[in-house]
Amino acid sequence: MRPVPETPDSGGRYAAPAVRAQFAAARASGKRAKDAAESLGLSEGAAVAAHAGKHEHPLQALALQGSWLELLQSLQDCGPLMALTRNAGAVHEKTGVYTQVSAAGPVGLVLGGDIDLRLFLSRWHAGFAVTELRADPAQPPARSLQFFDAHGCAVHKVCTREATDLAAFDAVVRRFAQPGAVHAFAAAPGPEVPRPDAEIDAVGLRAAWAAMRDTHEFFGLIRKFGVERQQGLRLVEGRFSWRTTPQAVARLLDEAAMDALPIMVFVGSGGCIQIHTGAVRNVQPLDTPGARWINVLDAGFNLHLRSDMLANVWVVEKPTADGIVTSVEAFDPAGALMAMFFGARKPGNPELPAWRDLVSRLPRLQECPHAA
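The rules behind each value
Residues numbered from 1 in each chain as written. Predicted model: local features only at pLDDT ≥ 70, side-chain atom pairs only at ≥ 80, totals over all residues. Heavy atoms only, no water. Pairing = 2+ DSSP bridges. Helix = DSSP H or I, 4+ residues; strand = E, 2+ residues; numbered from the N terminus. Polar contact = N/O pair within 3.5 Å; in protein donor to acceptor, adjacent residues only side chain to side chain. Contact = heavy atoms within 4.5 Å. pLDDT = per-residue confidence, 0-100. Disulfide = S-S within 2.5 Å. Buried < 20%, exposed > 50% of the residue type's maximum accessible area, 1.4 Å probe, protein only. Axes fitted to C-alpha atoms, helices over the stretch in contact; angles between N-to-C directions. Core = buried A, V, L, I, M, F, W, Y, C linked by side-chain atoms within 4.5 Å. Arc of directions from axis to C-beta. Salt bridge = Lys/Arg side-chain N within 4 Å of Asp/Glu carboxyl O.

1. Details of the pairing of strand β6 (residues 116-120)
Inspection of the sheet shows strand β5 (residues 107-111) paired to β6 by five bridges, in the antiparallel sense. Bridged to Val107 within β6 is Phe120. Between β5 and β6, which pair antiparallel one after the other, the connecting turn spans four residues.

So this is what it looks like as structure tokens:
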């Protein structure tokens, strides 16, 4: 397919007729929406934006306006919805009701019984109400709200389910619709190059790590010392972190399922972190043309993780007021964080011994030398 421009022309059009036709053909061939957009040389956000306005193609998009926090707060009346957050290597899907939606400074929170999100709303650039006809005409159209960052990467999606109150959903769309709005997207920047190890105060990093009293202090610690995440893990390796194998992720999920051990599964998009807390039951591998997957296929929770993209997996220990909190963190070949796994816990409670025992049984790779 011939690539189409990533940015709109003076009239706000992304060569729309060509995009719509080529996108529909790519979707009909079985491509996911993101892959279909990229086959046209576009971000997913740009491809969706090209479907705004009147036309006869299967995907219809209506631009929305913020505040995004108010929009999410309005979803409670819709009943059950599916929250979807993904990155290049993982898709996290949770079904539930959007309740307890609030903000704490720049971070939005959704703290319902099933939908658990941390929202970085300053990165939410554009939103659309999307309706797409399914391949089976007997099935109702797929309906969703889709939100994108300034580069057209999806930060969060909200999908209707069979039990959704569609009248309430339509009311939300009408309230936040912005017909005729034009959303442009910039090209994504290249990955940041970490500073050389020799420029990092590794001794200070390890001392500050040892002094942590809450896991949330980790993000400030990384910023303070100017280290990339995996670089930080490497600089404390042997004391607060160690490497395991890519296969350890499937083993972790399998053993947690066998033991009915409640865990926490985090997947982030850059604009949202989505969390599942509870047991996992149905863990299934799947090989497809061009990809291998680890899937959790439970009622109310699905995880789809690209096992062929697992490049580095770390076990990480963070000191807290409640004792050590242990995570398993999976990274893709580009160094991006795909998913994190914890034992289920509430603040004020120590880590589950069964979780710590499970993690201790994962294979340990040889420590790599690093700067002192």
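2. Thoughts on the side chain of Ser269
Looking at the element boundaries, Ser269 is found in the loop between β11 (263-268) and β12 (272-278). Engagement of the side chain of Ser269 in a polar contact is seen with the backbone nitrogen of Gly271, the distance being 3.3 Å. Apart from the residues within four sequence positions on either side, Ser269 is in contact with Thr85, Arg86, Ala154 and Val155.

3. Re the confidence of the model for the protein chain
Scored by pLDDT, the protein chain has a mean of 93; 95% of the residues are at 70 or more. Of the regions scoring below 50 in pLDDT, residues 9-13 engages in two contacts with residues more than four places distant in sequence or in other chains.

4. A word on the state of the cysteines
Applying the stated criterion to the full structure yields zero disulfides. In this structure Cys153 is a free cysteine whose sulfur lies 14 Å from that of Cys272, the closest cysteine sulfur available. Note on Cys153: relative accessible area 40%, which makes it partly exposed. For the unlinked cysteine Cys159, the closest cysteine sulfur is that of Cys272, found at 13 Å.

5. Description of the sheet that holds strand β15 (residues 301-306)
A sheet is described by the order of its strands in space; here nine strands give the open sequence β1-β7-β8-β9-β2-β3-β15-β14-β13, paired in antiparallel fashion. Of all strands in the sheet, those bounded by a partner on one side alone are β1 (59-64) and β13 (283-288). The average undirected angle you get between the axes of adjacent strands in this sheet is 20 degrees. Across seven bridges, the pairing between strand β7 (residues 126-132) and strand β8 (residues 142-148) is antiparallel. Looking at the pairing, Phe128 lines up with Gln146 of β8. Running over the sheet, helix α5 (residues 166-176) touches β1, β2 (81-86), β7, β8 and β9 (154-160) and is turned about 35 degrees from β8.

6. Observations regarding the nonpolar core
Of all hydrophobic cores here, the largest spans 31 residues; its most connected members are Val249, Leu253, Val328 and Phe341. At the level of secondary structure, the elements contributing two or more residues to this core comprise α9 (248-259), β11, β14 (291-298), β15, β16 (312-318), β17 (325-331), β18 (337-343) and α10 (353-360). Once residues lying within four places of it in the same chain are set aside, the contact partners of Val328 are Leu252, Val313, Trp314, Val315, Ala339, Met340, Phe341, Trp355, Val359 and Leu362. If you look at the next biggest cluster of nonpolar residues, it comprises 28 residues, including Tyr98, Val155, Phe169 and Phe176.

7. Brief notes about α5
All buried positions along α5 are accounted for by Ala168, Phe169, Val172, Val173 and Phe176. The arc that holds every buried residue of α5, seen down its axis, measures 145 degrees, which confines them to one face. When the buried face of α5 is taken as reference, the exposed residues oriented beyond 90 degrees from it are Ala167 and Arg174. Where the residues of α5 are buried, they touch β1, α4 (68-73), β2, β7, β8 and β9.

8. Quick word on the pattern of salt bridges
Throughout the structure, instances matching the rule amount to 19 salt bridges. Across the pair Glu44 and Arg86 runs a salt bridge whose closest N-O atoms are separated by 2.1 Å. Here Glu44, found in helix α3 (residues 44-49), pairs with Arg86, found in strand β2; they are 42 residues apart in sequence, far enough to count as distant. On the basis of relative accessible area, Glu44 is assigned to the buried category, the value being 4%. Here Arg361 and Glu255 are joined by a salt bridge, their closest N and O atoms 2.6 Å apart. Of the two residues, Arg361 is situated in the segment after α10 and Glu255 in helix α9; the sequence distance between them amounts to 106 residues. Given a relative accessible area of 14%, Glu255 falls into the buried group. By sharing partners, the salt bridges in this structure join Arg251, Glu255, Asp357 and Arg361 into a single network.

9. Quick notes on the environment of Arg356
Among the secondary structure elements, Arg356 is positioned in helix α10. For the pair Arg356 and Ser29, spaced 327 residues apart in sequence, the C-alpha to C-alpha distance is 44 Å. Ignoring any residue separated from it by four or fewer positions in sequence, one finds Arg356 in contact with Ile324, Thr326 and Glu351.

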